[in-house]
Amino acid sequence: MDSPEYNRYLVDRSIYSEPTFEEENEKKEVVPKTLRERLQKSCSCSAKKALQITKSFFPVLDWLPKYRVKEWILNDIISGVSTGLVGTLQGLAFALLAAVPVGYGLYSSFFPILTYFIMGTSKHISVGPFPVVSLMVGSVVLSMVPDENFLITSNSTGLNKSEVNVADRDAERVLVSGTLCFLVGILQLALGALQIGFIVRYLADPLVGGFTTAAAFQVFVSQVKIVLNVPTKNYNGILSIIYTIIDIFANIGQTNIADLIAGLLTFVVCVVVKEVGDRYKHKIPVPIPIEVIVTIVATGISYGADLAGKYNAGIVKTIPSGFIPPVAPKVSLFSEMIGSAFSIGIVAYAVAVSVGKVYATKHNYAINGNQEFIAFGVSNVFSGAFSCFVATTALSRTAIQESTGGKTQVAGLISALIVLIAIVALGKLLEPLQKSVLAAIVIANLKGMFWQVLDVPRLWRQNKFDSVIWVFTCAASIILGLDLGLLAGLVFGLLTVVIRVQFPSCASLGNIPGTDIYKNIKEYKNVVEPEGVKIIRFSSPIFYGNIDGLKNCLKCAVGFDAVRVFNKRNKALRTIQKLIKKGKLKATKNGIIGETGATNESFEPDEDLEEPEDLGVPSKEVEIQMDWNSELPIKVSVPKVSIHSVIFDFGAVSFMDVVAVRSIKIIVKEFQRIDVKVFFAGQEDNTFKKMEACGFFDDTVKPDIFFLTVHDAVLFIQSQNMFRDLQDPIFEKISLMQDSKEPLEFTETEQLDNELDAQEEAMRRLAS
């Protein structure tokens, strides 16, 4: 296969324009289905279709009967136990972010898994709390249930002092977080039912990277105050993170040393062990559950040393045993939280689907985006009834579930059983645990998010717009808060798309000699532009927003403005006409010459000329030629036009609107007025149909100027020029009636001007 003859090919075919190609190749007649036929097909039912629909809503019915018990069950058990231990502790830790009692983090690590097991399409993600989403929930909870609403007056020391009624406050916060979870579930269900899974496409990777990094910073700040155990106010909204940092430094003198030491030790141990585990993961078959080990040790030390009693350390205190009964959501709060619920639901879905796709690709299966919306919607509705906060997936738990050999969601179900054991029996044993230990575990798990900052230099080298989106979203999410920051980043990202298509990419092409390949003349040394032909490639959609940018690109590419050239030529012709009428110039078959004895008078400025008079020129029709690229006998500067043909390569134009079609037609006619022919090449069928439907073709603009490829157009132009005079085709030919008393009329030109003016006016009305 390395032989030269295998690396070359020869093609012998006709030059194809669109009409000639369609003559030789008959198109298939596509008959669109009627609305009745489409409804009949979608509404028809059979046993097979009913089974397929049922399996699509409940994927467990599809994969569970195929479960290979002997091959997979041991791996799923090991994976489930490991993930369940980590999930238990992360549930407790992330509850601090959601601003609810830590026990409710266990519920949030249990209930969502049950429904996702039945309805989810990913085999590997671990469903439950995620720090970014938990923090977004916490911001809503803190804004709707601030401490100030639960102040009570206490005079136990003989002095009136305001204290927070913690029990009532926490009960209200649990109700708000459960209601928010319920509303998020409803919104996700609605989006899934409406097949809106594509919405996650607008959350580009740079946007998600900047957002999650900002969220990691906010999580870090919120946990630092717990590690230090310093009193701070609960801020929410714009600049809340700045106010929190100011509060932390203002009260840093009240740091609890016992909590600080426990937090720092926990953080260092977790980070070091995780680094060692990552470096030697090929030698360690099962990830070290360092969070579990640290928690057990820290709980034992706190209990044995009585850190809460002796050093006033902040501990978990109370973890409820068993389950609480379902609670109806507070529907009256929906209107206050619907905006935040929508952004939380989208972020939670985007995180879960992004992680799920990574592992689905790795293990060669597919996940259904719309079904994931429905699965998480049902999970959050179900969980919200049991006072949970919003669930998605955590990267660290999912990595553990997959790396320990998990094959299916059976591993997820087993992890839920481990959490269940903690809820029913082991919760009380964790009550002496310091909150600073849980906060340090959260901070240690943020390492991956903070390392995303290293993506910025790489993005800058690859695509500057993407790096700007990353930085803007990160800064906006830190300053404005996560919900407004995400919205600002999304709007900014879409704005960059508008900016990018506002200024279309335009390149001049040349031919690789001896081939039918055309490349950018600025990027390759050996490309050659065909003589007298300019080939221009447009690499973006053409629509009302970027048509002016396209015109500017076109002027730069060809080196002149067709309208200005025409106006200058028209001005020159009128000047010549006036001088001929005055007898200062003569029109002959060989061109225009000056009168004897009036050598210099014919070069008077044309703006000073008066209207032509009856000069009694002998009656004789003379056809003259003007070489516009040579020196003219009058003082009118006419731009030089060195080309006779322009080819627009539309191969990368994905769509055009009505304004674009009309503008392109005007451009074609502007070139035709100065004897530059315009051809099109490489256009898609839908682009050609759009131009046809918008009235692009008429008596002067015909379909035969459209060619299948650029090379077809070039060969056609060259074949036409072979049979023409070798003189420059830009000569302007006019007929002058020298015995006429009236000035030379340019009726055809004026008619075309009126036509173009009308088209431009119609285009402006449409654009406005």
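Residues numbered from 1 in each chain as written. Predicted model: local features only at pLDDT ≥ 70, side-chain atom pairs only at ≥ 80, totals over all residues. Heavy atoms only, no water.

By the naming in an unreviewed UniProt entry, the protein chain goes by Pendrin-like and is assigned to Microcaecilia unicolor. UniProt, in its Subcellular location (unreviewed entry) section for the protein chain, records the words "Membrane". (UniProt positions renumbered as here; feature names shortened; annotations may be inferred.)

Trainee: If you had to explain the pattern of salt bridges to someone new, which residues and values would you point to?
Mentor: Tallying each qualifying case throughout the model produces 17 salt bridges. For D147, the salt bridge identified is with R169, shortest N-O distance 3.0 Å. Placement of the pair is D147 in the loop between α8 (131–144) and β2 (151–154) and R169 in helix α9 (residues 166–193), with a sequence separation of 22 residues. Grouping residues by exposure puts D147 and R169 together as buried. Of the charged contacts, one joins K555 and D561 as a salt bridge, the two residues approaching to 3.6 Å between their closest N and O atoms. Here D561 falls in the partly exposed class, since its relative accessible area comes to 24%. (Salt bridge = Lys/Arg side-chain N within 4 Å of Asp/Glu carboxyl O. Helix = DSSP H or I, 4+ residues; strand = E, 2+ residues; numbered from the N terminus. Buried < 20%, exposed > 50% of the residue type's maximum accessible area, 1.4 Å probe, protein only.)

Trainee: Explain helix α12 (residues 257–279) residue by residue, including any values.
Mentor: End to end, α12 covers 33 Å across 23 residues, agreeing with the expected 33 Å (1.5 Å per residue, within 8%). Taken together, the buried positions of α12 are occupied by A258, D259, A262, G263, T266 and C270. Against the buried residues of α12 lie α10 (205–228), α13 (290–305), α14 (307–311) and α19 (435–444). (Expected span 1.5 Å × (residues − 1). Contact = heavy atoms within 4.5 Å.)

Trainee: Give a description of the pairing of strand β7 (residues 533–538) that names residues and reports values.
Mentor: Most of β7 sits inside the fold, with five of its six residues counted as buried. Sheet topology note: the strand β5 (residues 506–511)/β7 ladder contains four bridges and is antiparallel. Bridging across to β7, L509 finds its partner in I535. Bridge analysis of β7 against strand β11 (residues 645–649) gives five bridges, and the strand direction is parallel. In the sheet register, V533 faces β11, and the bridge partner there is S645. (Pairing = 2+ DSSP bridges.)

Trainee: Describe in detail the sheet that holds β7, supporting the description with residues and values.
Mentor: One open sheet holds the six strands; their spatial order is β6-β5-β7-β11-β12-β13, and the pairing between them is mixed. Strands at the two margins of the open sheet, each flanked by one partner only, are β6 (518–520) and β13 (706–707).

Trainee: Tell me what's going on with the pairing of β11, and back it up with residues and numbers.
Mentor: For β11, the buried fraction is high: five of the five residues fall into the buried class. Every second residue of β11 is oriented toward a common face, with S645, I647 and D649 on one face and V646 and F648 on the other, all of them buried. One ladder, built from five bridges, connects β11 with strand β12 (residues 677–681); its direction is parallel. Of the residues in β12, the one forming a bridge with D649 is A681. At this point the chain moves from β11, through helix α26 (residues 658–673), to the parallel β12, and the crossover so formed is right-handed. (Right-handed = clockwise from strand over helix to strand, strands pointing away.)

Trainee: Before we move on, can you summarise the nonpolar core with the specific residues and values?
Mentor: Membership of the largest hydrophobic core comes to 107 residues, with the highest contact counts inside it found for V137 and I344. Excluding its chain neighbours within four sequence positions, the residues that come into contact with I344 are V133, M136, V137, V140, L180, V184 and V390. Ranked by size, the runner-up nonpolar core spans 48 residues in total, among them L509, L554, V641 and V714. (Core = buried A, V, L, I, M, F, W, Y, C linked by side-chain atoms within 4.5 Å.)

Trainee: Break down a nonpolar patch on the surface for me, citing the residues and quoting the values.
Mentor: Taken together, the side chains of I238, L239, I242, Y243, I246, I479, L484, L487 and V491 make up a nonpolar region of the molecular surface, amounting to roughly 780 Å² of accessible area. Counting residues per element, the ones that place at least two in the nonpolar patch are α11 (240–250) and α23 (482–502). (Patch = residues over 30% accessible without salt bridge, like charges linked within 9 Å, V, L, I, M, F, W, Y side chains within 5 Å. Areas by Shrake-Rupley, 256 points an atom, 1.4 Å probe, with all protein chains shown as cover.)

Trainee: I'd love a proper account of the side chain of Q188, names of residues and values included.
Mentor: By secondary structure assignment, the location of Q188 is in helix α9. When its relative accessible area of 1% is taken as the criterion, Q188 is described as buried. Side-chain polar atoms of Q188 contact the backbone nitrogen of G377, separated by 3.5 Å. Filtering out sequence-adjacent residues up to four positions away, Q188 remains in contact with G345, A348, Y349, F373, F376, G377 and N380. (Polar contact = N/O pair within 3.5 Å; in protein donor to acceptor, adjacent residues only side chain to side chain.)

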